[in-house]
Amino acid sequence: MSLVLRPVDLGDGDALHAIFTEPGVRQYLFDDILLTHEETQKHVEAACGHEAWVICLDDVIVGLTSLRPVNGDRELMIVVSERCWGRGVAFEAARAAMRHGFEVLQLDRILEGVDLPNERSHRLMARLGFTPTGETDGPKYRARTYEARRPSA
Ligand SMILES: CC(C)(COP(=O)(O)OP(=O)(O)OC[C@H]1O[C@@H](n2cnc3c(N)ncnc32)[C@H](O)[C@@H]1OP(=O)(O)O)[C@@H](O)C(=O)NCCC(=O)NCCS
């Protein structure tokens with residue numbers, strides 16, 4: 001498979017809206033809320049303000065990954081179209097985003113929060129080398145918090 005990450009831009013709204021509104025994607029990412037096109041566009045605009053990449057598989061946009069600034073840290077965000085689950089696409093894309101975070105941004109750590117019932121995402125966190133750090137309340141579900149440390153040289 002030919003997997004490419006490129007910086008997100010404002011013109012990616014339509015492709016990302018189709019992905020963000022898939023039932024399996026919105027279930028945890030947006031607490032099952034069906035975003036309007038305008039709401040998706042606001043997410044895209046926000047993503048354009050920091051490190052964020054669309055995930056392209058054979059030249060088709062199949063997801064988004066980013067390193068969102070949160071309280072002086074960076075949080076990994078990863079979403080892949082249901083059509084591409086179970087093939088390692090999310091793993092490869094997230095790994096590339098993390099490499100950018102550690103090698104280019106020189107981050108010491110990357111954080112993540114995953115809703116407790118989001119089993120796919122917990123398995124992904126483990127494969128990526130994240131370790132659980134605790135739990136926190138969310139708008140709909142409790143979430144497990146994770147952290148990945150910069151690999152030592
Ligand atoms: C979370 C999410 C990104 C995980 O996607 P995914 O496709 O399950 O993750 P991966 O790309 O790592 O694929 C893993 C699966 O592919 C299999 N696989 C096949 N080839 C692989 C490869 N070359 N490398 C890694 N895994 C591979 C793995 O064995 C694994 O199988 P399993 O699900 O039975 O354990 C996806 O479910 C999603 O977009 N969800 C909605 C958004 C969301 O909740 N995001 C998280 C919060 S930010």
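Below or above, wherever it landed, is the structure these notes cover.

Procedures and definitions
Sequence order sets the numbering: in each chain, residues are counted from 1 along the sequence as written. For this predicted model, a pLDDT threshold of at least 70 governs which residues receive local features, and a threshold of 80 or more governs which side-chain atom pairs are given and counted, while totals over whole chains, interfaces and linings are taken from all residues. Hydrogens and waters are ignored; side-chain quantities use all the structure's heavy atoms. Think of it in three bands: with a 1.4 Å probe and only protein chains considered, a residue is buried below 20% of the maximum accessible area for its type, exposed above 50%, and partly exposed in between. Helix and strand labels come from DSSP, where a helix needs a run of H or I of at least four residues and a strand needs a run of E of at least two; each type is numbered from the N terminus. As used here, the arc belongs to the directions running from the helix axis to the C-beta atoms. Residues are treated as being in contact if the distance between any of their heavy atoms lies within 4.5 Å. Side-chain atoms within 4.5 Å link the members of a nonpolar core, which is a set of buried Ala, Val, Leu, Ile, Met, Phe, Trp, Tyr and Cys residues. Only C-alpha atoms enter the line fits that serve as axes; for helices the fit covers just the stretch in contact. Angles between N-to-C directions range over 0 to 180 degrees. The scheme is simple: roughly parallel for angles under 35 degrees, roughly antiparallel for over 145, roughly perpendicular for 65 to 115, oblique for anything else. By convention, the crossing between two helices is left-handed when the near helix turns anticlockwise from the far helix through less than a right angle, and right-handed when the turn is clockwise. Three residue categories are used. Nonpolar comprises Ala, Val, Leu, Ile, Met, Phe, Trp, Tyr, Cys and Pro, charged comprises Asp, Glu, Lys and Arg, and polar comprises the others, including Gly. Ring pairs shown here join Phe, Tyr and Trp side chains whose ring centres sit within 6.5 Å, with only the six-membered ring taken for Trp; geometry is labelled stacked below 30 degrees between planes, edge-to-face above 60, and tilted in between. Distances are taken per atom, and a residue is near a molecule or strand as soon as one of its heavy atoms is within 4 Å of it. What qualifies as a polar contact is a pair of N or O atoms within 3.5 Å, subject to a donor-acceptor requirement within protein and to the restriction that residues adjacent in sequence count only when both atoms come from side chains. Only the protein chains shown count as cover for residues, with accessible areas throughout obtained via the Shrake-Rupley method and a probe of 1.4 Å. A cavity here means a set of 1 Å grid points, computed over protein atoms only, where a 1.4 Å probe fits but cannot escape. A pocket is an open set with protein on both sides within 12 Å along at least 5 of 7 lines, and lining residues have an atom within 4 Å of a point. To decide whether a molecule occupies a pocket or cavity, check its atoms: if more than half lie within 2 Å of the grid points, it is inside.

### Some thoughts on helix α3 (residues 37–47)
The complete set of buried residues in α3 reads Thr-40, Gln-41, Val-44 and Ala-47. Down the axis of α3, the buried set is contained in an arc of 115 degrees. They therefore lie on one face. For α3, exposure combined with an orientation more than 90 degrees from the buried face picks out Glu-38 and Lys-42. Against α1 (13–20) and β2 (52–57) lie the buried residues of α3.

### Focus: the nonpolar core
Leu-76, Ile-110, Met-125, Leu-128 and Phe-130 are the most contacted members of the largest nonpolar core, which has 25 residues in total. Secondary structure elements with two or more residues in this core: β2, β3 (60–70), β4 (73–80), α4 (89–104), β5 (109–115), α5 (119–128) and β7 (142–149). With 7 residues, the single largest contributor to this core is α4. For Leu-128, the residues in contact, after removing those within four places along its chain, are Leu-76, Phe-91, Ala-94, Arg-95 and Met-98. Of all hydrophobic cores here, the second largest spans 16 residues; its members include Ile-19, Ala-47, Ala-52 and Leu-64.

### Notes on the packing of α4 against α5
Close contact between α4 and α5 brings their axes to 10 Å; oriented N to C, the two are set at 50 degrees. Overall, the two elements α4 and α5 adopt an arrangement that is oblique. Crossing of α4 against α5: the hand is right-handed. Between α4, through Ala-90, Phe-91, Ala-94, Arg-95 and Met-98, and α5, the contact on the second element is made entirely by Leu-124, Arg-127 and Leu-128. For the contact of α4 with α5, the per-class residue count stands at 6 nonpolar, no polar and 2 charged.

### Overview of the packing of α1 against α3
Interaxial distance between α1 and α3 falls to 9 Å at its minimum, and their mutual angle equals 110 degrees. By the angle between their axes, α1 is roughly perpendicular relative to α3. The way α1 lies across α3 gives a crossing that is right-handed. Judged by residue contacts, Gly-13, Asp-14, Leu-16, His-17 and Phe-20 of α1 engage His-37, Thr-40, Gln-41, His-43 and Val-44 from α3.

### Focus: the packing of aromatic side chains
Counted according to the given criterion, the structure contains 3 aromatic pairs. Where Tyr-28 meets Tyr-141, the ring centres are 5.5 Å apart and the plane angle is 65 degrees; that geometry is what we call edge-to-face. Here Tyr-28 is found in helix α2 (residues 23–29), whereas its partner Tyr-141 is found in the loop between β6 (131–137) and β7, with 113 residues between them in sequence. Residue classification places Tyr-141 among the partly exposed residues on the basis of a relative accessible area of 22%.

### A word on the site of the ligand
As a structural note, the neighbourhood of the ligand is formed by 19 residues, with Val-80, Gly-86, Ala-90, Arg-120 and Arg-127 the closest of them. A distance of 3.1 Å separates an oxygen atom of the ligand from a polar atom in the backbone of Val-89. Separating an oxygen atom of the ligand from a side-chain N or O atom of Arg-127 is a distance of 2.9 Å. Protein coverage of the free-state accessible area of the ligand, which is 950 Å², stands at 75%. Of all the cavities here, the one that holds the ligand is the largest pocket. Every element with two or more residues in the shell around the ligand is listed here: α2, β4, α4 and α5. Here the shell around the ligand gets 5 residues from one element, more than from any other, and that element is α5.

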